[in-house]
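Observations on the model geometry
Listed below, chain by chain, are the residues.
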2 protein chains.
Amino acid sequence: MRSPTASDNLEAALERAVARFDDGSATCAQIRYHLGFEDEARRGKRLRSRLVLAVAEEEGGDPAAALDPACAVEIIHEFSLVHDDIEDGDRLRRGRETVWSRFGVAHGINAGDALCAVAYLALLDGTVTRPADRTVAMTRALHEAHLAMCGGQARDIAFETQTRVSIDDYRAMAGGKTAALFGAACELGALCAGASDERARAYRHLGRAYGLAFQIEDDVLGTWGDPGTTGKPSGSDLARRKWTFPVVWAVAGPPSAARETIAAAYARGAALDPPAVAAAIASLDALGAREAALEAARAELDDADAVAATFGIDRSGAVRAFFQRALRRIA
Amino acid sequence: MRSPTASDNLEAALERAVARFDDGSATCAQIRYHLGFEDEARRGKRLRSRLVLAVAEEEGGDPAAALDPACAVEIIHEFSLVHDDIEDGDRLRRGRETVWSRFGVAHGINAGDALCAVAYLALLDGTVTRPADRTVAMTRALHEAHLAMCGGQARDIAFETQTRVSIDDYRAMAGGKTAALFGAACELGALCAGASDERARAYRHLGRAYGLAFQIEDDVLGTWGDPGTTGKPSGSDLARRKWTFPVVWAVAGPPSAARETIAAAYARGAALDPPAVAAAIASLDALGAREAALEAARAELDDADAVAATFGIDRSGAVRAFFQRALRRIA
């Protein structure tokens, strides 16, 4: 019999966190469905929780003490996905029906709200005790990330009707929607390992930089990615008229025929049809938007390296290595 | 110039709690709109926050120290209303458009999520410091109520397609959806005043009993209430096929023609038209459902009195008096 891996422990902790609050209503089954407990192939990559564990280990913390915060961060991510799927009208996630598509919008909103509470209770009412002031700091950091995610999502929703989006707008959106929770994952990992507030803040900065790099790479994959790897058709972000980094960068650039092609397609305010997607990709290629995006992602990684060096965090490079595996193309 | 009242202080604290987290996204304006900051006539009764203040005062706490928890409880209530309005498809609240009706479903869900984070940050990152273990206890109590509210709401959503609802089902629904937050309001008021965990738990029990009484009275008002007082047409809960206490009680009773009228109307699974509403009200009257509901509410008040006597809480009777004012007809 093989011994349990870190991944086994994490899955078991996630199951416990949900089971602890099973009240017999329909919500618990909906949560279990979304989290993929009944269907291993439908689970997320658990990237954010594994990041909590990686930082805690790097800081010399007890791995068992990192499981509750890891669960809390992962469940906040999943809560945001349940609501994002409703907000974006997405019926499929990880190859099967989304919660709202399967159980209706009302249950979908409500199950997301329940996941949110379960996440914080995993931290507040978890299996490992820690000094109360540390629990307060961790809970506050996670709520701040949660609020930043809402701010980023509000910007992303607003983008749907905008005809111009600046690089600063994009960074505010992705910084909230994606990077904030990566930052909180690193911060909680450090805090649960007993790191100082200053080190924890430095880890938050590190996580945010990695998170922005992650989002920009995700944008590149959503435009040029291999459907076999990403699970989405190539150009899918363009078809949905998403203001991804390559598009924002291209439209913010100096006037050119290629820029005008993309700007005009996005100015129509509707989804792009396949010929428009093909023309937009050709224009992005002509402008060098892919290279510009990868360069911007690399700049975030450089920022992360500078933070690590300045504050003497991630000394072993394990957190950087974690992201090198997560960022498949650029790190 | 008049000096500021407790109500002025509460409104100012709510404004501060929201302003502290203004990130420049559309969300903050949506939150301000929902909370009625720009339109005094559209604010809620702030019942739950005033309950926190009443219990804190009863327990000898510093009123200023009770403002952050009072805001947190009130904002959690408002968060649940923003999402409930989407789940129920309600376009009007307090005489004007609901958040989702005004800003769209996506922003509505997201603004509710942001309100949720703002509520907890009011507690965790508020203006008054307190021992960290007390903050943990208060945050946990509020998250537990938040989760119970989701369980109650899941039951209420499920009721929409059920043809039978037992009294126990109703109590589980209303106990979660309404009573849990009244319980947490009392618990947080006691905790912020420095009461023992045991006293705080007794206050939670007290608040839950009052909360159930409040919900049952609300059901009576939604069926027989004066539209001039309630702001809703008489019979509005029946028209929407809500499983209110009087309906649940009547359908759970012994067979009779009157019972069959109501059961048959609800078995059709659709909204009731005006003649069906009139017939259902006549049947409820014939069965004595109004008196049965008021009796059930009074039993909750008796339970509250017993808890208060057993644990020696609410010695001055101020919390009871608070509810006598809130419960207009039965207390």
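What you see is a predicted model, and the numbers here were worked out from it, not measured in a lab. (Residues numbered from 1 in each chain as written. Chains lettered and ligands numbered in written order. Predicted model: local features only at pLDDT ≥ 70, side-chain atom pairs only at ≥ 80, totals over all residues. Heavy atoms only, no water.)

Secondary structure summary: chain A contains 16 helices and 2 strands in total. Here chain A has a C-alpha radius of gyration of 20 Å; the compact-globule value for 331 residues is 20 Å, and the two agree. Here chain A, with 331 residues, has 58% of them falling under the buried criterion. In chain A, the proportion of contacts linking residues at least 24 apart, taken out of those at least 6 apart, comes to 73%. Charged side chains of chain A number 39 positive and 47 negative; the gap between the two group centres comes to 1 Å. (Helix = DSSP H or I, 4+ residues; strand = E, 2+ residues; numbered from the N terminus. Rg over C-alpha atoms; globule rule 2.2 N^0.38 Å. Buried < 20%, exposed > 50% of the residue type's maximum accessible area, 1.4 Å probe, protein only. Contact = heavy atoms within 4.5 Å. Lys, Arg positive; Asp, Glu negative; His and termini not counted. Charge placed at Lys NZ, Arg CZ, Asp CG, Glu CD.)

Quick look at the interface of chain A and chain B now. Contact residues are listed per partner, giving 40 residues for chain A and 40 residues for chain B. When the area that chain A buries against chain B is broken down by residue, the three leading residues are Leu-124, His-143 and Leu-147 of chain A, summing to 17%. If you look at where chain A meets chain B, you find 4 salt bridges. Ionic pairing is found between Asp-125 of chain B and Arg-140 of chain A, a salt bridge with its closest N-O pair at 3.7 Å. One can count 11 residue pairs in polar contact (both at pLDDT 80 or more) joining chain A with chain B. (Buried area = accessible area lost by both parts, 1.4 Å probe. Salt bridge = Lys/Arg side-chain N within 4 Å of Asp/Glu carboxyl O. Polar contact = N/O pair within 3.5 Å; in protein donor to acceptor, adjacent residues only side chain to side chain.)

The next subject is helix 16 (residues 318-326) of chain B. Residues and elements named next belong to chain B. Inspection of helix 16 places Val-319, Phe-322, Phe-323 and Ala-326 among the buried residues, and these make up the whole buried set. In a view along the axis of helix 16, the buried residues occupy a sector of 90°, so they form one face of it. Against the buried residues of helix 16 lie helix 3 (47-58), helix 8 (167-192) and helix 9 (197-224). (Arc of directions from axis to C-beta.)

We now examine the pattern of salt bridges. All names here are of chain A. Applying the stated rule across the entire model yields 35 salt bridges over all chains. For Glu-15, the salt bridge goes to Arg-32, with nearest N and O atoms at 3.3 Å. Of this pair, Glu-15 sits in helix 1 (residues 6-19) while Arg-32 is found in helix 2 (residues 26-35), placing the two residues 17 residues apart along the sequence. Among the salt bridges present, the one from Asp-90 reaches Arg-240, with a minimum N-O distance of 3.2 Å. One end of the pair, Asp-90, is in the loop between helix 4 (63-88) and strand 1 (92-93); the other, Arg-240, is in the loop between helix 11 (236-239) and helix 12 (245-252), and 150 residues separate them in sequence.

Here Asp-85 of chain B lies in helix 4 (residues 63-88). With sequence-adjacent residues up to four places away left out, Asp-85 of chain B is seen in contact with Asp-90, Arg-93, Thr-98 and Trp-100 of chain B.

Considering soluble globular proteins, one finds that nonpolar side chains tend to be buried as a cluster. By size, the foremost hydrophobic cluster in this structure holds 222 residues, and its most contacted members are Leu-51, Ile-76 and Leu-142 of chain A together with Leu-51, Ile-76 and Leu-142 of chain B. Setting aside chain neighbours within four positions, we find Leu-51 of chain B in contact with Phe-182, Ala-185, Cys-186, Val-319, Phe-322 and Phe-323 of chain B. Listed in part, the 6 residues of the second largest apolar core include Ile-86 and Trp-100 of chain A together with Trp-100 and Ile-109 of chain B. (Core = buried A, V, L, I, M, F, W, Y, C linked by side-chain atoms within 4.5 Å.)

What follows deals with unusual backbone geometry. Phi at Arg-46 of chain A takes a positive value of approximately 55°, unusual for a residue other than glycine. Of note in this structure, Asp-314 of chain A is not a glycine but carries a positive phi near 50°.

So, about the environment of Leu-67 of chain B. Residues and elements named next belong to chain B. With respect to the helices, strands and loops of the structure, Leu-67 is situated in helix 4. The exposure class assigned to Leu-67 is buried, which follows from its relative accessible area of 13%. Not counting the four nearest positions on each side in its chain, Leu-67 is found in contact with Asn-9, Leu-10, Ala-13 and Leu-53.

Turning to the relation of the copies chain A and chain B, a few remarks are in order. Its rotation angle being 180°, the transformation that places chain A on chain B also includes 0.0 Å of axial translation and leaves an RMSD of 0.0 Å. The operation mapping one copy onto its partner corresponds to a two-fold rotation axis. Residue Ala-132 of chain A of chain A places its C-alpha closer to the rotation axis than any other residue of that unit, at 2.7 Å. (Least-squares fit on C-alpha atoms with pLDDT ≥ 70 in both.)

With that out of the way, let us pick up the packing of aromatic side chains. Residues and elements named next belong to chain A. Scanning the model with the defined rule gives 15 aromatic pairs over all chains in all. On the numbers, 5.1 Å between centres and 50° between planes, the contact of Phe-182 with Phe-214 is tilted. Of this pair, Phe-182 sits in helix 8 (residues 167-192) while Phe-214 sits in helix 9 (residues 197-224), placing them 32 residues apart in sequence. Residue classification places Phe-182 among the buried positions, given a relative accessible area of 0%. Among the aromatic residues, ring-to-ring pairing joins Phe-182, Tyr-210, Phe-214, Phe-322 and Phe-323 into one connected group. The aromatic ring of Tyr-33 is capped on one face by Arg-96, whose charged end is 3.9 Å from the ring centroid. (Phe/Tyr/Trp six-rings, centres within 6.5 Å; stacked < 30°, edge-to-face > 60°. Lys NZ or Arg CZ within 6 Å of the ring centre and 35° of its normal.)

Looking at the secondary structure, you find Glu-59 of chain A in the loop between helix 3 (47-58) and helix 4. Apart from residues lying up to four places away in sequence, Glu-59 of chain A is in contact with Ala-190, Ala-193, Ala-195, Arg-199 and Tyr-203 of chain A.

Residues and elements named next belong to chain A. Taken domain by domain, chain A consists of domain 1 (1-129) and domain 2 (132-331). Its C-alpha centre places domain 1 at a distance of 22 Å from the equivalent point of domain 2. Between domain 1 and domain 2, the residue contacts involve 28 residues of the former and 33 residues of the latter. Summing the contributions of domain 1 and of domain 2, the shared interface buries around 2600 Å²; its carbon and sulfur component is 71%. At the boundary of domain 1 and domain 2, one finds 2 salt bridges. One can count 10 residue pairs in polar contact (both at pLDDT 80 or more) joining domain 1 with domain 2. (Domains from an automatic or database assignment.)

Another point: the state of the cysteines. Applying the stated criterion to the full structure yields 0 disulfides over all chains. Note on Cys-28 of chain B: no disulfide assigned, nearest cysteine sulfur contributed by Cys-150 of chain A at a separation of 12 Å. A residue is classified by how much of its surface remains accessible, and Cys-28 of chain B, at 8% relative accessible area, is buried. (Disulfide = S-S within 2.5 Å.)

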